[in-house]
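# Coordinate inspection notes
Residue-level listing of the chains:
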Amino acid sequence: MNPRHWGTDRADELRACPGSRFAPDPVERWLRAIEIDAPVAVVFRWLCQMRVAPYSYDLLDNRGRRSPRRLTPGVEELQAGQEFMTIFTLVDYQRDAYLTLEMTSERGLRAFGPFIVVYDVEPLAGGRTRLRATLLVGDKAKDGAIDAARRRVLAWGDLAMMRRQLLTFKALAEGGPR
């Protein structure tokens, strides 16, 4: 099993990433994807919820508080500079298309290194959506042996966390509480 890819296919690997200009020379590109039986607008709205919680393993990454299972009014009003999941900052977005998040917390950067995450939504037939997360990890200009070792561990940890996050968004968008 390759921890750098989950739920993806060749088309995902070839697809241009809308946030790549924020990490022009990443060391690695990881991909995660899932299909959701809900329209793009619903899935994108749930992505906006990352302003208030991470939606993965709450005990680990949300200080034990449960990520809300109902939409929080107002979090869909986006602007660059907003905090997401406590360690990321929104650097770019297009409503109902993508969010680009940059790791900006000192704690996060020390633990994980430079990191850009782009969540994008693609409409599919029948009102379904493909939710894709592209992770642009590291910086070739500053990469070293410790960074390479850290990425090997991080790839597995991120796979577990993001898999849970995407499955949670799938469940909520497909009919969980709103």
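Reading the values: the criteria
- Residues numbered from 1 in each chain as written.
- Predicted model: local features only at pLDDT ≥ 70, side-chain atom pairs only at ≥ 80, totals over all residues.
- Heavy atoms only, no water.
- Helix = DSSP H or I, 4+ residues; strand = E, 2+ residues; numbered from the N terminus.
- Rg over C-alpha atoms; globule rule 2.2 N^0.38 Å.
- Buried < 20%, exposed > 50% of the residue type's maximum accessible area, 1.4 Å probe, protein only.
- Phe/Tyr/Trp six-rings, centres within 6.5 Å; stacked < 30°, edge-to-face > 60°.

On to the overall build of the protein, then. Within the protein, the regular secondary structure consists of five helices and seven strands. For the protein, the α and β elements follow one another from N to C terminus as β-α-β-α-α-β-β-β-α-β-β-α. For 178 residues, the compact-globule estimate of 2.2 N^0.38 gives 16 Å, and the C-alpha radius of gyration of the protein, at 15 Å, lies within 12% of that figure. Buried positions account for 46% of the 178 residues belonging to the protein.

To continue, consider the packing of aromatic side chains. On inspection of all chains with the given rule, the structure shows four aromatic pairs. Ring centres 6.2 Å apart and planes at 55 degrees place the aromatic pair Phe88 and Phe115 in the tilted group. One end of the pair, Phe88, is in strand E4 (residues 88-94); the other, Phe115, is in strand E6 (residues 115-124), with 27 residues separating them in the sequence. Across this residue pair, the class does not change: Phe88 and Phe115 are buried.

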